[in-house]
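Read off the chains here:
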Amino acid sequence: MEPELWQRITDLFDEAMTRGPKERIAFLEEACEGDRDLRKQVERLIKSHEKSGDFLESSAFAVAPELLTDDRAGASVGELIGHYRIESLIGIGGMGEVYLARDERLGRKVALKLLPERLTADETQLSRFKTEARAASALNHPNILTVYEIGAEGNRQFIATEFIEGMTLRASLACGRMNLHAALEIAVQVASALAAAHEAGVVHRDIKPENIMLRPDGYAKVLDFGIAKLTEQRPASDHYEVGNNGGAANATGVSVRHGALHVSGTGARPEGGRALGYLELGRSALRNGGRKPAVPRRDAERLHCLHPDNGATTFIRRIAGCSAQTRIHSAKGFAQKQ
Amino acid sequence: MTAPSPSQQKVTQLLGDWSGGDEGALEKLIPLVQPELHRLAHYYMSRERAGHTLQTTALLNEAYLQLTDKTQPPWQNRTHFMAVAAQLMRRIMVDHARARHALKRGAGAIRVTLDETALVTEERAEELLALDEALEKLAEFDRRRCEIVEMRYFGGLTVEEIADVLKVHPNTVKRDWRAAKAWLYAELTTEGS
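Keep in mind that what you see is a predicted model, and the values were worked out from it rather than measured.

Q: In this structure, what is going on with the overall build of chain A? I would like to understand it.
A: A count of helices and strands for chain A gives 13 helices and 12 strands. Taking all 338 residues of chain A together, 53% fall into the buried category. Summarising the internal contacts of chain A: among those between residues at least 6 apart in sequence, 56% fall at separations of at least 24. Carbon and sulfur atoms make up 49% of the accessible area of chain A, which amounts to about 15,400 Å² in all.

And the structure:
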């Protein structure tokens, strides 16, 4: 645009903005002196001013702070990290980047996770994370992602794990409807993984749909055991904490809240006395009911209505009461109950 | 007052050079300022989790205190530092957005996105790149309005502070901001115009 033309447009725009909508029309009619293009441009500016709302009103840092802190470890394709050759980027998350890599010694595919430096700077936290990740991996449970190696290349900490073909539960839920049976099938597997870990004294602390991988053959795998240790000093997000805190130190519950089926529990250890984990499932199944459930019991009823022949709903309804008596008392109990 | 560190002296000198018209000084400032901005951003983000909102002004104020040599009079004016910092913020954030964008393209189709925050960041990165491009366009015919957007959006400066930097009346800043915002909005929402 020519600066002179722009100057005319903005002058008229500023003038027009001092007037009410009706007078504005008359003003532009007169001021543009039949210059239709000029008038069009001023009107376009007024229109977008009216529509712009809070556009640019929050500063860039407030809107996208992660673009200022960006601390991607940034491996490149073909690079060798440890004895793993990077093949492609699989995903980026708050806890690091995950690459598909080839183990050059054993010639197999691995998922290589590079942890962001801000999470690994603290030695104590890092060593606690390693201890937990190793403990969970040592369980050799079919529903727990196997960790091959935890290592470092320069400043970069990495975790090599088995590579899973499939998608996360989050991605699967995003793809659309999941029926109750499929949801429960996953819930049982996840509960079984958590129970095994729980028994070995390992608490996940960050169970969420992003951390559950679904294999095409129906296996669900829980990822990232121990990784919450890296952020433990931070105030945890309440969003993923569910109900049963306080005295019920070993309680695990299933509840249907906010349109989602939750599997939750508390840690066995006093210091980890918050949630053992929580699993959000069946959202799309519930969504088909058309209304947003408000309270757990009613949600369960609604679920029952949707699937009247489903025996599982009775089970859910019983434990959705969220009372210590009716709740199944450990993740193991939940898995067995199925 | 404690004696300024060599890096504070260097930053202060570069700020002076830059305000004296040396465009190259900005390039030299970025590596000196960026780590501090990173560090502060982490700090503010961890506080945000405890219920604080992210304040660009507070962030840059802190950076100003950490980075500059206060024994030198020209840069005692923190507003001018803010104005420069706004440009630095824009460059740093846009560079990151570009790096993310390139990574995504370079990697081909990302099969799994592990985390909602990652998705959001991708989206913001793209939006920021589009805004940066639109600002470049705006600067071609209206340098001042582009600077106002920079100061306000990237530097978090208030209308009064911007007026102070540009030596104009706050009402002028308000009007210019309104027009710039409207133009950018049209530019970013209208296809192929």
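Q: It is not clear to me how unusual backbone geometry should be interpreted in this structure. Could you clarify?
A: Residues apart from glycine generally show negative phi values, whereas peptide bonds are mostly found in trans. Residues and elements named next belong to chain A. One non-glycine residue, Glu33, adopts positive backbone phi at about 45 degrees. As for its position among the elements, Glu33 is in the loop between helix H2 (21–31) and helix H3 (36–51). On the accessibility criterion, Glu33 (69% relative accessible area) is exposed.

Q: Would you explain the packing of helix H6 (residues 143–154) of chain B against helix H7 (residues 159–166) of chain B in this entry?
A: A packed helix pair is summarised by two numbers, namely the angle formed by the two axes and the spacing between the axes. Residues and elements named next belong to chain B. Where H6 contacts H7, the two axes come as close as 10 Å, and the packing angle between them is 135 degrees. Judged by the inter-axis angle, H6 sits oblique to H7. Handedness of the crossing formed by H6 with H7: right-handed. Of the residues in H7, those touching H6 at Arg144, Glu147, Ile148, Met151 and Arg152 are Val159, Ile162, Val165 and Leu166. Of the residues contributing to the contact of H6 with H7, the split by class is six nonpolar, no polar and three charged.

Q: Help me understand the sheet that holds strand S7 (residues 167–168) of chain A in this model?
A: Strands pair in a sheet through their backbones, by hydrogen bonds, and they do so in one of two ways: parallel or antiparallel. Residues and elements named next belong to chain A. The three strands are arranged S7-S8-S9 in an open sheet whose pairing can be described as antiparallel. A strand with exactly one partner marks an edge of an open sheet, and here the two such strands are S7 and strand S9 (220–222). Pairing of S7 with strand S8 (residues 212–214), which is carried by two bridges, proceeds in the antiparallel orientation. If you follow Thr168 over to S8, its bridge partner there is Met213.

Q: Mind showing me how you'd approach helix H1 (residues 3–17) of chain A here?
A: In an α-helix, one turn spans 3.6 residues, which is why side chains three or four residues apart end up on the same side. Along its 15 residues, H1(A) runs 21 Å from first to last C-alpha, staying within 8% of the 21 Å computed at 1.5 Å per residue. Taken residue by residue, H1(A) has Trp6(A), Ile9(A), Thr10(A), Leu12(A), Phe13(A), Asp14(A), Ala16(A) and Met17(A) as its buried positions.

Q: I'm lost on the pattern of salt bridges in this one. Help?
A: Opposite charge on two side chains lets them pair, provided their charged atoms get close. The final tally for this structure, using the stated rule, is 27 salt bridges over all chains. Note that Glu50(A) and Arg24(A) form a salt bridge whose closest N and O atoms lie 3.2 Å from each other. Here Glu50(A), found in helix H3, pairs with Arg24(A), found in helix H2; they are 26 residues apart in sequence, far enough to count as distant. As a salt-bridge pair, Arg143(B) and Glu147(B) come within 3.3 Å of each other at their nearest N and O atoms. One end of the pair, Arg143(B), and the other, Glu147(B), are both in helix H6, four residues apart, so they sit about a helical turn from each other. The class for Arg143(B) is partly exposed, based on a relative accessible area of 44%. Here the residues in one salt-bridge network are Arg90(B), Asp95(B), Arg98(B), Asp132(B), Glu136(B) and Glu150(B), joined through shared partners.

Q: I tried to follow the packing of H1(A) against H3(A) on my own but got confused; where do I start?
A: All names here are of chain A. Put simply, H1 and H3 touch, their axes get as near as 9 Å, and they point 55 degrees apart. As summarised for this structure, H1 and H3 are arranged oblique, according to the angle between their axes. Handedness of the H1/H3 crossing: right-handed. Of the residues in H3, those touching H1 at Leu5, Trp6, Arg8, Ile9, Leu12, Phe13, Ala16 and Met17 are Leu38, Gln41, Val42, Leu45, Ile46 and His49. Taken together, the residues that form the contact of H1 with H3 break down as 11 nonpolar, two polar and one charged.

Q: Just checking my understanding: could you explain the packing of aromatic side chains for this structure?
A: We describe a pair of aromatic rings using the distance from one ring centre to the other and the angle between the two ring planes. All chains considered together, the criterion is met by six aromatic pairs over all chains. Ring geometry for Trp6(A) versus Trp183(B): centroids 6.3 Å apart, planes at 70 degrees, classification edge-to-face. Of this pair, Trp6(A) sits in helix H1 while Trp183(B) sits in helix H8 (residues 170–189), on two different chains. Grouping residues by exposure puts Trp6(A) and Trp183(B) together as buried. For the ring pair Tyr84(A) and Phe158(A), a centre distance of 5.8 Å and an interplane angle of 75 degrees mean the geometry is edge-to-face. Of this pair, Tyr84(A) sits in strand S2 (residues 84–93) while Phe158(A) is found in strand S6 (residues 156–162), placing the two residues 74 residues apart along the sequence.

Q: Hey, could you run me through a negative patch on the surface in this one?
A: A grouping of Glu30(A), Glu33(A), Asp35(A) and Asp37(A) is seen on the molecular surface, where their side chains present a negatively charged patch. Mapped onto the secondary structure, Glu30(A) falls in helix H2.

Q: It is not clear to me how the pairing of strand S3 (residues 96–103) of chain A should be interpreted in this structure. Could you clarify?
A: Two faces, one strand: in a regular strand the side chains alternate between the faces of the sheet. All names here are of chain A. In terms of burial, S3 is a largely internal element, seven of the eight residues being buried. For S3 and strand S4 (residues 108–114), the ladder comprises seven bridges, and the chain directions are antiparallel. Across the sheet, residue Arg102 finds its bridge partner in S4, namely Lys109.

Q: Mind showing me how you'd approach the nonpolar core here?
A: By size, the foremost hydrophobic cluster in this structure holds 79 residues, and its most contacted members are Leu68(A), Leu37(B), Leu59(B) and Leu184(B). When residues of this core are assigned to their parent elements, the largest contribution, 12 residues, is made by helix H4 (residues 78–106) of chain B. Beyond its immediate chain neighbours, meaning those up to four positions away, Leu37(B) contacts Leu68(A), Leu59(B), Leu60(B), Ala63(B), Met89(B) and Ile92(B). Ranked by size, the runner-up nonpolar core spans 16 residues in total, among them Ala136(A), Ile186(A), Val222(A) and Phe225(A).

Q: Looking at this structure, I do not really get the pairing of S4(A). What am I missing?
A: Residues and elements named next belong to chain A. When you tally the buried positions in S4, you get five out of seven residues, the bulk of the element. Linkage of S3 to S4, two consecutive antiparallel strands, is achieved through a turn of four residues, within which Gly107 is found at a positive phi near 65 degrees. Pairing analysis gives five bridges linking S4 to S6, with the strands arranged antiparallel. Paired with Val110 across the two strands is Glu162, which belongs to S6.

The rules we used
- Residues numbered from 1 in each chain as written.
- Chains lettered and ligands numbered in written order.
- Predicted model: local features only at pLDDT ≥ 70, side-chain atom pairs only at ≥ 80, totals over all residues.
- Heavy atoms only, no water.
- Helix = DSSP H or I, 4+ residues; strand = E, 2+ residues; numbered from the N terminus.
- Buried < 20%, exposed > 50% of the residue type's maximum accessible area, 1.4 Å probe, protein only.
- Contact = heavy atoms within 4.5 Å.
- Areas by Shrake-Rupley, 256 points an atom, 1.4 Å probe, with all protein chains shown as cover.
- Axes fitted to C-alpha atoms, helices over the stretch in contact; angles between N-to-C directions.
- Parallel < 35°, antiparallel > 145°, perpendicular 65-115°, else oblique.
- Left-handed = near helix turned anticlockwise from the far one by under 90°.
- Nonpolar A, V, L, I, M, F, W, Y, C, P; charged D, E, K, R; others polar.
- Pairing = 2+ DSSP bridges.
- Expected span 1.5 Å × (residues − 1).
- Salt bridge = Lys/Arg side-chain N within 4 Å of Asp/Glu carboxyl O.
- Phe/Tyr/Trp six-rings, centres within 6.5 Å; stacked < 30°, edge-to-face > 60°.
- Patch = residues over 30% accessible without salt bridge, like charges linked within 9 Å, V, L, I, M, F, W, Y side chains within 5 Å.
- Lys, Arg positive; Asp, Glu negative; His and termini not counted.
- Charge placed at Lys NZ, Arg CZ, Asp CG, Glu CD.
- Core = buried A, V, L, I, M, F, W, Y, C linked by side-chain atoms within 4.5 Å.

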